[in-house]
Amino acid sequence: MSISGKVDPVVRRITIADIAEAFGQGLRDFQAAPLYGLAFGAFYAVGGLLILACLTAFHMVYLAYPLAAGFALIGPFVALGLYEVSRQREAGTRPSWLQIIGLMRSRSELGWMAFVTLFLFVIWMYQVRLLIALFLGVGASFGSLQEFISAVLTTNEGLVFLAVGNCVGAGLALVLFSLTAVSFPLLLDRDVDFVTAMVTSVRAVVASPLPMIGWAATIVLLLVVSALPYFLGLVVTLPVLGHATWHLYRKIVAPVEAELPVAEDADATSNVVVMPKRAAVG
């Protein structure tokens, strides 16, 4: 039972074939409703450009690389609308902006999940700054991205910073992926609390560790590569991955109908009425 007293969602194991099928379904959803995908992808890309512009203005452009890597962490939150587009198409209804925005606003638990995601993104950026101070100097500052890359790749301290930073980043990314792999689609699809959604997401990763970690690596790789050309590749990559995530969620979390027999048995048991025994007749 979840902390809200409801029955926990049933988690099913998946295979690499399921991931490939979900990716194909996501691509078809994007092709069927490209305007929604392009809109959310453009929003994601513009957000990255704005952050990059701020880093440039504050002479911190050397943080562009960790920013591009960390930007993948908030992808599940930005893709919320894409999950709803796939959900509406799955239900046979035509997607609409009013329904997408209305449903997202009606799910209050999504706000808590968004907070968790953004909080870990902030931690990611702060730990990068901490590692720079530890390995490259407390007052380390670089005039350009090229100067930063040169310092990282041509000095012993820079190579250690790169190795440690990537290990710490991979661990943090794995934690966030485990918490959000299916939690956002689950909160959008059902009336559950965000803690239950995170626990269900972790259970999904534990149930199918190799396929899920492979899916996580694919997401990070595609998002990082797409972010390199000034985040422009995200306009297409994000919607395809977002739609695919919804279909993967459907394969991982059993539908409500699959949970009904257990609930019905429990209801039947609770509705049993014990009749008083008749008094014996002389």
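So, a few notes on the structure that sits alongside this text. As a convention, each chain's residues are numbered from 1 in the sequence order in which they are written. Selection of residues for local features in this predicted model requires a pLDDT of at least 70, selection of side-chain atom pairs for listing and counting requires 80 or more, and totals for whole chains, interfaces and linings are taken over all residues. Heavy atoms from the whole structure form the basis of all side-chain values; hydrogens and water molecules are not counted.

**Quick look at helix α1 (residues 16-32)**
And step 1. Helix length check: α1, at 17 residues, gives a terminal C-alpha distance of 25 Å against a target of 24 Å (1.5 Å per residue), a fit within 8%.
And step 2. Along α1, the residues classified as buried are Ile19, Ala22, Gln25, Gly26, Asp29 and Phe30. Buried residues of α1 fall within an arc of 140 degrees about the axis and therefore sit on the same side. Structural note: α1 exposes Ile16, Ala17, Ala20, Arg28 and Gln31 on the side pointing more than 90 degrees away from its buried face. Every helix listed is a DSSP run of H or I at least four residues long, and every strand listed is a run of E at least two residues long, numbered separately from the N terminus. How far a helix is expected to stretch is found by multiplying one less than its residue total by 1.5 Å. Buried residues are those whose accessible area, probed at 1.4 Å on protein chains only, stays under 20% of the maximum for their type, while exposed residues exceed 50% and partly exposed ones sit between those limits. Working note: the arc is built from the helix axis to C-beta atom directions.

**Some thoughts on helix α9 (residues 156-180)**
And step 1. In a regular helix each residue adds 1.5 Å, so 25 residues correspond to 36 Å; α9 covers 36 Å between its end C-alpha atoms and thus fits that length.
And step 2. Of all the residues in α9, the buried ones are Gly158, Phe161, Gly165, Gly169, Leu172, Leu176, Phe177, Ser178, Leu179 and Thr180.
And step 3. Two residues qualify as a contact provided that any one of their heavy atoms is within 4.5 Å of a heavy atom in the partner residue. As for α9, its buried residues are in contact with α4 (75-78), α7 (109-136), α8 (145-154), α10 (183-189), α11 (194-207) and α12 (209-227).

**Observations regarding the packing of aromatic side chains**
And step 1. A pair of aromatic rings is counted whenever rings of Phe, Tyr or Trp (Trp by its six-membered ring) have centres within 6.5 Å, and the orientation is called stacked for planes under 30 degrees apart, edge-to-face for over 60 and tilted otherwise. Tallying each qualifying case throughout the model produces seven aromatic pairs.
And step 2. Between Tyr36 and Trp97 the ring centres are 4.9 Å apart and the planes differ by 45 degrees, which places this aromatic pair in the tilted class. Note that Tyr36 is positioned in helix α2 (residues 34-57) and Trp97 in helix α6 (residues 97-106), a separation of 61 residues in sequence.
And step 3. For Tyr36, a relative accessible area of 14% translates into the label buried.
And step 4. For Trp97, a relative accessible area of 39% gives the class partly exposed.
And step 5. With centroids separated by 5.1 Å and ring planes inclined at 50 degrees, the aromatic side chains of Trp246 and Tyr249 adopt a geometry described as tilted.

Keep in mind these numbers describe shape, not what the thing actually does.
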